[in-house]
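Here are the chains, one letter per residue:
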Amino acid sequence: MTTQDYDIIIVGGGMVGASLALALKNTQYRIALIEAFDFKTDQQPSYDDRGIALSYGSQRIFDTMGLWSQLAPYSTAIEHIHISDRGHFGATRLSAQQEKVPALGQVILARAMGHVLNQAMQSHSHLDLHCPRKVTQLHQYDDNVSIQLDNNAAITGKLIVAADGANSTIRQLLGLSITEQHYQQTAITANVTTDKAHQHRAFERFTEHGPIALLPMPDNRSSLVWTIKSGQEKNLLNLTDHDFLARLQEEFGYRLGRFTQVGKRAHYPLKLTQTDQMIQQRLVFIGNAAHNLHPIAGQGFNLGLRDVASLAEVLSHHPQDCGHASLLHDYQQWQQQDQDDVIAATNTLVRLFSNANPLLGHARAAGLTLLDLCSPAKHVIAQRSMGLARKQPKLARGIAL
Ligand SMILES: Cc1cc2nc3c(=O)[nH]c(=O)nc-3n(C[C@H](O)[C@H](O)[C@H](O)COP(=O)(O)OP(=O)(O)OC[C@H]3O[C@@H](n4cnc5c(N)ncnc54)[C@H](O)[C@@H]3O)c2cc1C
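Predicted model only: the values in this text are computed from it and were never measured. Counting from 1, residues in each chain are numbered in the order their sequence is written. Only residues with pLDDT of at least 70 are given local features in this predicted model, and only at 80 or more are side-chain atom pairs given and counted; all residues enter the totals for whole chains, interfaces and linings. To obtain the side-chain values, all non-hydrogen atoms of the structure were used and water was disregarded.

### What to know about the sheet that holds strand β5 (residues 76–78)
To keep it simple, the criterion reads: Two strands are said to pair when DSSP picks up at least two bridges between them. Elements are defined by DSSP. Helices are runs of H or I of four residues or more, strands are runs of E of two residues or more, and each kind is numbered from the N terminus. Fitting a line to C-alpha atoms yields each axis, with helices limited to the stretch in contact; the angle taken between N-to-C directions then spans 0 to 180 degrees. The criterion used for residue contact is that any of the two residues' heavy atoms lie within 4.5 Å.
One open sheet accounts for 3 strands, arranged β4-β8-β5; its pairing is antiparallel. Since the sheet does not close on itself, it has two edges, and those belong to β4 (51–55) and β5, each with one partner. Averaged over all neighbouring strand pairs, the angle between strand axes comes to 30°, with direction disregarded. Note that β4 and strand β8 (residues 105–109) share 5 bridges and pair antiparallel. Across the sheet, residue L54 finds its bridge partner in β8, namely Q106. Helix-sheet contacts for helix α2 (residues 56–64) involve β4 and β8, and the interaxial angle to β4 is about 85°.

### Topic: the nonpolar core
In summary, soluble globular proteins display a tendency toward joint burial of nonpolar side chains. Note the following rule: By convention a nonpolar core is built from buried Ala, Val, Leu, Ile, Met, Phe, Trp, Tyr and Cys residues, the set being connected through side-chain atoms within 4.5 Å. For the exposure calls, accessible area comes from a 1.4 Å probe over protein chains only, and a residue counts as buried if that area is under 20% of its type's maximum, exposed if over 50%, partly exposed in between.
Within the largest apolar cluster, 54 residues are counted, with the highest numbers of intra-cluster contacts made by F62, M113 and I286. Tallying contributions element by element places helix α9 (residues 300–317) first for this core, with 8 residues. Non-local contacts of I286, meaning those with residues more than four positions away in its chain, are made with V16, L20, V161, A162, A163, D307, V308, L311 and Y331. Listed in part, the 20 residues of the second largest apolar core include Y6, I9, A153 and A289.

### Observations regarding the site of the ligand
Test applied: For this purpose, a residue is taken to be near a molecule or strand whenever a single non-hydrogen atom of the residue falls within 4 Å of it. What qualifies as a polar contact is a pair of N or O atoms within 3.5 Å, subject to a donor-acceptor requirement within protein and to the restriction that residues adjacent in sequence count only when both atoms come from side chains. Calculation of accessible area relied on Shrake-Rupley with a 1.4 Å probe; when residues are assessed, cover is drawn exclusively from the protein chains displayed.
Close to the ligand lie 32 residues; E35, R50, A53, T169 and F301 are nearest. Take Q44: an N or O atom from its side chain is 3.1 Å from an oxygen atom of the ligand. Between R50 and the ligand, the recorded distance is 2.7 Å, taken from a side-chain N or O atom to an oxygen atom. Look at the ligand: alone it shows 1,000 Å² of surface, and the protein chains cover 90% of it.

### Things to note about the side chain of T227
As for its position among the elements, T227 is in strand β17 (residues 221–229). Accessibility expressed as a relative area gives 3% for T227, which makes it buried. Setting aside chain neighbours within four positions, we find T227 in contact with Q185, T186, A187, H209, G210, P211, L270 and H294.

### Focus: the pairing of β4
Within β4, 5 of the 5 residues are buried, which leaves it mostly tucked inside the rest of the structure. The alternating pattern of β4 places G51, A53 and S55 on one face and I52 and L54 on the opposite face, and all of these are buried.

### Description of the environment of S84
Position of S84 relative to the elements: it lies in strand β6 (residues 80–85). By relative accessible area, which is 3% here, S84 ends up buried. It is 8.0 Å that separates the C-alpha atoms of S84 and F203, two residues lying 119 residues apart in sequence. Within polar-contact distance, the side chain of S84 engages the side chain of R205 at 2.9 Å.

### Considering the sheet that holds strand β10 (residues 135–140)
Read from one edge to the other, the open sheet built from 4 strands follows the order β1-β12-β11-β10, with strand pairing classed as mixed. If you trace the sheet from one side to the other, it starts and ends with β1 (3–5) and β10, each paired once. On average, each strand axis in the sheet is tilted by 20° relative to the strand beside it, whichever way the strands run. Where strand β11 (residues 145–149) meets strand β12 (residues 154–157), 4 bridges bridge the pair, whose relative direction is antiparallel. Its bridge partner being in β12, I147 is matched across the sheet by I155.

### Comments concerning the pattern of salt bridges
Two side chains carrying opposite charge are able to pair once their charged atoms lie near each other. Cut-off, in case you're wondering: Between Lys or Arg on one side and Asp or Glu on the other, a salt bridge is scored when a side-chain nitrogen of the former is within 4 Å of a carboxyl oxygen of the latter.
This structure, assessed with the given rule, holds 9 salt bridges. Ionic pairing is found between D49 and R111, a salt bridge with its closest N-O pair at 3.0 Å. Residue D49 is located in the loop between β3 (31–34) and β4, and its partner R111 is located in helix α5 (residues 110–122); the two are separated by 62 residues in the primary sequence. Between R258 and D195 there is a salt bridge, with its nearest N and O atoms 3.8 Å apart. Note that R258 is positioned in the loop between α8 (241–252) and β18 (259–262) and D195 in the loop between β14 (178–194) and β15 (201–206), a separation of 63 residues in sequence. When its relative accessible area of 47% is taken as the criterion, D195 is described as partly exposed.

Here it is as C-alpha cells:
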C-alpha cells in the first residue's frame, strides 16, 4: 500500500478538529483529517442536541473564517445573562448593551454546528478527509511523523494535531499522562419550552442540588444543562416529562413562566482532564484532547476555538517546517496561560457553587449582589466570559490569515 504525504495531519473531526481544518483553508498546507465516524451519518457523538454557548470572541473567529453567515441562521443571540442562587437574595446581571457589543454570545445546537462545519469542509481544496477511519499506530521522527489507519493505509506529515477528544487515542498510543479530577457530578441536558418568552436571556441558577443553566433558543425554547450529584441522574432521567418539568420548575422558579415541554434527555458524567504535555515531538494536543472542562461556565469549545485560532496563526508564520519545535513552543507559550486560567476559573466556580454549606450560601449571595453593583468587576467577568480577556489571535480581531 502506498504512503500518502501531507504537511498537517489532524486526528479528530469534531468541532475543534474541523474548525482547525477550516481555519487553515487560506494557507498552502496540504491537510489530512482523520475522523472515526462517517460525516454523512448522524452518528458523530460530538454533534448531538446540546446547545453550545459561543462567546462573542468565538463568533468573531468564525466571522473572520467566513463561516458566521452560515452559522447565524441556526444561532440565537444572548443579550442578557442572569446569575442567581436559589434560596438566597442577590443576583448579577450582565448585558450586551452595558458591554457595548451586539450580543454577549450566541447559542447553537451542536448538531447544527456539525452540519455547517462538515459542509464547509467539502469545498476545501487541499483537505483530504479520511473517514470513517481510526488511527492505530503513530511514529515520531526528527523530520516527520507517520500514522497507520485501521485499513492499514500509511500517512506521513510534518505535524500531527491531536483533536481526538477527552479520551484521545493519540495520547493513549504514546502512553502520556493526564491530570484528572472527578467531580462526582453528571450533567443532564434537554431542550425545554416555556410559556414566557426568554427575550434572549441566559440563566445560570445555583441550587443546593447543583447549577442549572438555561440558554435561549428559537421559539421560546431554552437549552438546559442541569448538573447534579452522580448517582442521582437515574431519578431525573426516569421521571415522566410532566414530573421532570415539575422538578425543574421547583428548582429554577418562574422567571421564564411555566415549563411546558421537554425534549430528549441526555446525560454526561463530568470530569476535568488536562494533558500534562500539550506539545510533543511534531505533535500538539488541542480542544478536549488537551483540556476537558466542566460545562458550568460553557467555556470548553470556546477555549478549544482559541486553541485553533492561536495555532492557525503560529502556523501561518512558519511555512517552511510546520512541525518544527520552535513553532510548537510559540504555540504553547501563547495558549498555556489561557488554558490554565480557564481551568482554574471553572474549578473555582464548581467548588463555590456546588457547596451546600449555608455560610457559603450567604457569602455567595452577598458576592452576587456586590458584583451586580460593581460595574468594573462585572466588566472583567463579562470580558472573560466573552473570551476577550487575553491577547487576541488575528482571527478574533477580524484579520484573515
Ligand atoms: C453538557 C455539555 C455542555 C457543554 N456546553 C458548552 C458550551 O455551552 N460552550 C462551550 O464552549 N462548550 C461547551 N461544552 C464543551 C464542548 O462540547 C466541547 O468542548 C467540544 O465538544 C470539544 O470538541 P473536540 O472537537 O475537542 O472534541 P470531541 O467533540 O470529543 O471530538 C473528537 C472527535 O475525534 C474523533 N476521534 C476520537 N478518536 C479518534 C481516532 N482514534 N481516530 C479518528 N478520530 C477519532 C471523534 O469521533 C470525535 O469526532 C459542553 C460540554 C458538555 C458535555
